[in-house]
Amino acid sequence: MNLPPFKLERFFAKYEFNTEHLLCSSDCEAMSVAELLALDADPEGAGAAEKFQKVWLGYTESQGSPSLRAEICKLYETIQPEDILVHTGAQEAIFLFMFAAFQEYDHVIVHSPAYQSLAEVARAADCDVSPWRAREENGWSLDLDELRHLMRTNTKAIIINTPHNPTGYLMSRADYEASHKFAQENKLLLFSDEVYRESEYDPAARLPAGCDLGEYAISLGVTSKTYGLAGLRVGWIATKNKRIYEKVASLKDYTTICNSAPSEFLAEVAMRNRKKLIERNLGIIKQNLRVIDDLFTRRADLFSWVRPQAGSMAFPRYLGGDVETFCDQLVKEAGVLLLPGSVYDDSRNHFRLGLGRKNLPQAVEKLEQFLIK
Ligand SMILES: Cc1ncc(COP(=O)(O)O)c(C=O)c1O
């Protein structure tokens, strides 16, 4: 296995815990254990908090606790608890899925730009990877004709990510359905990274979960992003494909075996109260979007962007010079972190902007002072 450094994680390792204003985080604002438990309190104020004290700290069921899987199922239309496999974050699920499903010489088509592991783990599993490029000039949409051209006789899977990291692009229903039809007709697996699902600014635009559309599809979910609870490290795959499910479950015995019991309990509370978490987090994003809309209107000389349709991120373009230098000076001189697009192998001067943190208005104020200087 040959895995190069995960550029985004190495970048964050350098800055995440020593920079005052993170203006490029992909997740929504987190909360404390006490705040989360309070969402589930009974009228006397006890409820989940009391039960949390009694969580048993032994090994847990490898596929995830039945009650957590029952809560996760509510995200889907046709999925049963036995179709859910809980992991330590979405990252473990990506890793195990790819090593379970792919073999040497398989060809995999990956929505690009991509969260690095969606392409890199497939490469490490000795697959040939073709990027299926989203283009800014097309509003970050994907071209179905290009997908047809990328197809080879040894193509094994298509990997899509919608709502998309880093652009905030939400596929149209027609394109989404066409991608699924293409996978089904060509007997491909479709791995659907849906970690930003339920953060659509217009709920009517929400796409069906991939796993509900057929056995060939695998949906990826996590508590980190839309629900703002990255510290739980609880992710999952949902699929009716029993062969893939069993292979992934069997590989998991070599990584984490089972999940953390306190995290599973808290994740269950989160999923039971996910509507409240969504309302809170979308409220923050929408308020932040107004601040960013104003900034980009005032500074149209320096920034251009395709406005996101979902999620806690956007991928604007810097027009004032080299984006790497800009991000470097900004963090050193103003303590504001933006993520240069080079982390996504983008060479067109984009940077990642995070929209999910409460202190975005203060970070933008610092950014503007820096721009004036
Ligand atoms: C598209 C996408 N998939 C998967 C992950 C991994 O999620 P986690 O860090 O919660 O494991 C991320 C994290 O940024 C992501 O953006």
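Numbering of residues starts from 1 in each chain and follows the order in which that chain's sequence is written. Per-residue local features of the predicted model are confined to residues with pLDDT of at least 70, and side-chain atom pairs are confined, for both listing and counting, to 80 or more; whole-chain, interface and lining totals are unaffected and use all residues. Note: side-chain values were computed over all heavy atoms of the structure, leaving out hydrogens and water.

K.L.:
Help me understand the overall build of the chain in this model?
P.N.:
In terms of regular secondary structure, the chain is built from 13 helices and 14 strands. The globule rule is 2.2 Å times the number of residues to the power 0.38, and the radius of gyration it is compared with is taken over C-alpha atoms. Taken over the C-alpha trace, the chain has a radius of gyration of 20 Å; the compact-globule value for 373 residues is 21 Å, and the two agree within 12%. Viewed in the frame of its principal axes, the chain has a C-alpha envelope of about 60 × 55 × 40 Å. When the 373 residues of the chain are sorted by exposure, 57% land in the buried category. Here the contacts in the chain between residues at least 6 apart in sequence split such that 74% fall between residues at least 24 apart. Under the convention used here, a 1.4 Å probe and the Shrake-Rupley method define accessible areas, while residue burial counts only the protein chains that appear. Per element, the accessible surface of the chain, about 16,300 Å² overall, is 51% carbon and sulfur. Secondary structure elements are defined from DSSP: runs of H or I of at least 4 residues count as helices, runs of E of at least 2 residues count as strands, and each element is numbered from the N terminus. When accessible area is computed with a 1.4 Å probe and restricted to protein chains, residues below 20% of their type maximum are described as buried, those above 50% as exposed, and intermediate ones as partly exposed. Here, two residues are considered to be in contact whenever any of their heavy atoms come within 4.5 Å of each other.

K.L.:
Just checking my understanding: could you explain the nonpolar core for this structure?
P.N.:
As a rule of thumb, nonpolar side chains are buried together in soluble globular proteins. Judged by nonpolar contacts, the single largest core of 71 residues is most densely connected at Phe97, Phe102, Trp132 and Phe191. Broken down by element, the residue count for this core peaks at eight residues, all from helix 5 (residues 89–101). By size, the runner-up hydrophobic cluster in this structure holds 57 residues, among which are Ile72, Ala270, Ile292 and Phe303. What makes a nonpolar core is a set of buried Ala, Val, Leu, Ile, Met, Phe, Trp, Tyr and Cys residues whose side-chain atoms join them at distances within 4.5 Å.

K.L.:
Mind showing me how you'd approach the site of the ligand here?
P.N.:
If even one non-hydrogen atom of a residue comes within 4 Å of a molecule or strand, that residue is called near it. Around the ligand there are 15 residues in total, and Asn165, Asp193, Tyr196, Ser224 and Lys225 lie nearest to it. Bound to the protein, the ligand loses 94% of the 390 Å² it would expose on its own.

K.L.:
Looking at this structure, how should I read the pairing of strand 2 (residues 84–88)?
P.N.:
On any regular strand, side chains alternate: one points to one face of the sheet, the next to the other face. Of all the five residues making up strand 2, four are buried; the element is thus mostly covered by neighbouring parts of the structure. Looking at chain direction, strand 2 and strand 8 (residues 234–239) are connected through five bridges and run antiparallel. Across the sheet, the residue bridging to histidine 87 is glycine 235, located in strand 8. When DSSP finds two or more bridges between a pair of strands, those strands are recorded as paired.

K.L.:
What is the right way to look at the sheet that holds strand 7 (residues 217–222) in this model?
P.N.:
As a general point, the strands of a sheet are linked pairwise by backbone hydrogen bonds and lie either parallel or antiparallel. The seven strands lie next to each other as 2-8-7-6-5-3-4, forming an open sheet whose pairing is mixed. Each having just a single partner strand, strand 2 and strand 4 (128–133) make up the two edges of the open sheet. Pairs of neighbouring strands in the sheet enclose a mean axial angle of 20°, with direction left out of account. Two strands pair when backbone bridges link them, and strand 7 and strand 8 are joined in this way by five bridges, in the antiparallel orientation. By the bridge assignment, isoleucine 218 is partnered in strand 8 with threonine 239. In this description, a line fitted to the C-alpha atoms serves as the axis of each element, helices being fitted only across the stretch in contact, and the angle between N-to-C directions of two axes falls anywhere from 0 to 180 degrees. Against the sheet, helix 4 (residues 66–73) touches strand 2 and strand 8, its axis set at about 110° to strand 2.

K.L.:
I tried to follow the environment of alanine 157 on my own but got confused; where do I start?
P.N.:
The topology assignment puts alanine 157 in strand 5 (residues 155–161). Separated by 28 residues in the primary sequence, alanine 157 and valine 129 place their C-alpha atoms 9.9 Å from one another. Not counting chain neighbours up to four residues away, the residues in contact with alanine 157 comprise Phe102, His107, Val108, Ile109, Leu188 and Leu189.

K.L.:
Can you help me understand the packing of aromatic side chains in this one?
P.N.:
Working definition: an aromatic ring pair is given by the centre-to-centre distance plus the angle between the planes. Each Phe, Tyr or Trp ring, with Trp reduced to its six-membered ring, pairs with another whose centre is within 6.5 Å; inter-plane angles below 30 degrees give stacked pairs, above 60 give edge-to-face pairs, and intermediate values give tilted ones. In total, this model carries 17 aromatic pairs according to the counting rule given. Taken together, a centroid distance of 5.1 Å and an interplanar angle of 55° make the contact between phenylalanine 11 and tyrosine 15 tilted. With phenylalanine 11 and tyrosine 15 both in helix 1 (residues 7–15) and four residues apart, this pair spans about one turn of that helix. Judged on exposure class, the residue phenylalanine 11 and its partner tyrosine 15 are both buried. Here the aromatic rings of phenylalanine 296 and tryptophan 305 are separated by 4.9 Å at their centres, their planes lie at 85°, and the arrangement is edge-to-face. Of the aromatic side chains, those joined through ring pairs into one cluster are Phe296, Phe303, Trp305, Tyr318, Phe326, Phe351 and Phe370.

K.L.:
What is the right way to look at the packing of helix 4 against helix 10 (residues 261–272) in this model?
P.N.:
Two packed helices can be described by the angle between their axes and the distance between those axes. As a packed pair, helix 4 and helix 10 sit with axes 9 Å apart at the nearest point and diverge in direction by 25°. Relative to helix 10, helix 4 is oriented roughly parallel. Two packed elements cross with a definite hand, and for helix 4 against helix 10 that hand is left-handed. Taking contact as the criterion, the partners of Ser67, Leu68, Glu71 and Ile72 in helix 4 are, on helix 10, Glu264, Ala267, Glu268, Met271 and Arg272. Note on angle classes: values under 35 degrees are labelled roughly parallel, values over 145 roughly antiparallel, values of 65 to 115 roughly perpendicular, and the remainder oblique. Left-handed is the label given to a crossing in which the near helix is rotated counterclockwise from the far helix by less than a right angle, and right-handed is the label when the rotation is clockwise.

K.L.:
What am I meant to see in helix 13 (residues 360–372) here?
P.N.:
Owing to its 3.6 residues per turn, the α-helix brings residues three or four apart onto one side. One fewer than the residue count of a helix, multiplied by 1.5 Å, yields its expected span. Its 13 residues give helix 13 an end-to-end C-alpha distance of 18 Å, which sits within 8% of 18 Å, the value for a rise of 1.5 Å per residue. Of all the residues in helix 13, the buried ones are Leu360, Ala363, Val364, Leu367, Phe370 and Leu371. Buried residues of helix 13, viewed axially, fall in a sector of 115°; they line one side. Exposed residues on helix 13 whose side chains face more than 90 degrees from its buried face are Glu365 and Ile372. Each element contacted by the buried residues of helix 13 is listed here: strand 1 (21–22), helix 11 (274–298), strand 9 (303–304), helix 12 (323–334), strand 12 (336–337) and strand 14 (351–354). As used here, the arc is the angular range of directions from the helix axis to the C-beta atoms.

K.L.:
Any chance you could explain the sheet that holds strand 10 (residues 313–314) here in plain terms?
P.N.:
Spatial strand order, 10-14-13: three strands in an open sheet with antiparallel pairing. Looking at the sheet topology across the chains shown, the edges are occupied by strand 10 and strand 13 (339–340). Here strand 13 pairs with strand 14 via two bridges, running antiparallel. Bridge pairing in strand 14 links proline 340 to phenylalanine 351.

K.L.:
Would you take a moment to explain helix 9 (residues 242–252) for this structure?
P.N.:
Within helix 9 the residues assigned to the buried category are Ile244, Tyr245, Val248, Ala249 and Lys252. Along the axis of helix 9, the buried residues cluster in a sector spanning 130°; they form a single face. Where helix 9 is buried, its residues touch strand 2, helix 5, strand 6 (189–193), strand 7 and strand 8. For this analysis, a polar contact is any N or O atom pair within 3.5 Å, provided that within protein one partner can donate a hydrogen and the other can accept it, and provided that sequence-adjacent residues contribute only side-chain to side-chain pairs. Looking at where helix 9 begins, the residue whose side-chain oxygen comes 3.2 Å from the main-chain nitrogen of arginine 243 is asparagine 241.

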